[in-house]
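# Chain and residue survey
Given next are the chains, with one letter for each unit.
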Amino acid sequence: MSYTTNRQPQGMSRNIKSLLREGAVAEIVAINDYSYFIRKTDIKDLKKLFHHIMEDEKRHYGMFLKALRNIDKEEKELEEEAKEHVNISNKTKIKANESKSDNNSDILDFIRDGIKGELEAIILYDSLVEIIEDKCIKEIINEITRDEKEHVEELTRALLILDKDTYGDL
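Description of the structure in this document. Everything numeric here is computed off the predicted structure, so don't read it as measured data.

## What to know about helix α2 (residues 44-71)
- Its 28 residues give α2 an end-to-end C-alpha distance of 41 Å, which sits within 8% of 40 Å, the value for a rise of 1.5 Å per residue.
- Every buried residue belonging to α2 is among K47, F50, H51, M54, E57, K58, Y61, G62, L65, L68 and R69, and all of these are buried.

## Examining the packing of α2 against helix α3 (residues 73-85)
- Here α2 crosses α3 at 115°, and the two axes come no closer than 5 Å. As the angle between them shows, α2 and α3 are arranged roughly perpendicular. In this structure, α2 crosses over α3, and the sense of that crossing is left-handed. Across the interface between the two elements, L65, L68, R69 and I71 of α2 pack against K73, E75, K76 and E79 of α3.
- The residue makeup of the contact of α2 with α3, split by class, is three nonpolar, no polar and five charged.

## Some points on the side chain of R112
- Its location among the elements puts R112 in helix α4 (residues 103-131).
- Taking relative accessible area as the criterion, R112 reaches 1% and is therefore assigned buried.
- Of note is the side chain of R112, whose polar atom sits 2.6 Å from the side chain of D109.
- At a separation of 3.1 Å, a polar atom in the side chain of R112 contacts the side chain of Y167.

## Considering a nonpolar patch on the surface
- Together, I16, L19 and I71 make up an exposed nonpolar region whose accessible area comes to about 270 Å².
- Note that L19 resides in helix α1 (residues 16-39).

## With respect to the environment of N142
- You can see N142 is positioned in helix α5 (residues 135-162).
- Overall, the relative accessible area of 38% leaves N142 in the partly exposed class.

## Quick notes on the packing of aromatic side chains
- The final tally for this structure, using the stated rule, is five aromatic pairs.
- In this structure an aromatic cluster arises from ring pairing among Y34, Y36, F37 and F50.

## Points about α3
- Taking 1.5 Å of rise per residue, the 13 residues of α3 would be expected to cover 18 Å, and the 19 Å separating its terminal C-alpha atoms lies within 8% of that figure.
- Structurally, the start of α3 carries an N-cap: the backbone nitrogen of E74 is 3.1 Å from a side-chain oxygen of D72.

## Some words on the packing of α1 against α2
- Contact geometry for α1 and α2: axes closest at 8 Å, N-to-C directions at 160°. As far as their axial angle goes, α2 and α1 are roughly antiparallel. With respect to the hand of their crossing, α1 and α2 are arranged in left-handed fashion.
- Considering only residue class, the contact of α1 with α2 consists of 17 nonpolar, four polar and six charged.

Rules and cut-offs
Residues numbered from 1 in each chain as written. Predicted model: local features only at pLDDT ≥ 70, side-chain atom pairs only at ≥ 80, totals over all residues. Heavy atoms only, no water. Helix = DSSP H or I, 4+ residues; strand = E, 2+ residues; numbered from the N terminus. Expected span 1.5 Å × (residues − 1). Buried < 20%, exposed > 50% of the residue type's maximum accessible area, 1.4 Å probe, protein only. Axes fitted to C-alpha atoms, helices over the stretch in contact; angles between N-to-C directions. Parallel < 35°, antiparallel > 145°, perpendicular 65-115°, else oblique. Left-handed = near helix turned anticlockwise from the far one by under 90°. Contact = heavy atoms within 4.5 Å. Nonpolar A, V, L, I, M, F, W, Y, C, P; charged D, E, K, R; others polar. Polar contact = N/O pair within 3.5 Å; in protein donor to acceptor, adjacent residues only side chain to side chain. Patch = residues over 30% accessible without salt bridge, like charges linked within 9 Å, V, L, I, M, F, W, Y side chains within 5 Å. Areas by Shrake-Rupley, 256 points an atom, 1.4 Å probe, with all protein chains shown as cover. Salt bridge = Lys/Arg side-chain N within 4 Å of Asp/Glu carboxyl O. Phe/Tyr/Trp six-rings, centres within 6.5 Å; stacked < 30°, edge-to-face > 60°.

Following this line, the structure appears as structure tokens:
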């Protein structure tokens, strides 16, 4: 669930974890933008340029997530759990946007949109926990946040299985 506009997170991050998540959100938005641009042109050289830039954005997403896993122990644990939970039988790699009407490429965009929403929710919930004093409510929000982190890891795992391109050294 997203708390932002369709483009960028709102407000200021209060901690390094949120900053890293917002960086990951920005990269996911950029990946989907370039994916869309590729679908909208028939100019081979332009497609090639957009794809090159998109590959860099994917690497950047990987860098942000790797940095986040290094400082958020729970995120790192959930990366391992996602390897057990995500069993996608169709291991055919999807090449980004081979044609204007490639539904498989749309699936990658949808997965990245899901990651964006999950990261934004975590940022929101982390900011709520900082200002809420009620212990019971904090526990509820922390449990929800853990689930959102698990979703990020599971969706990222799906990307790593399905996307022909890489996301850095994830």
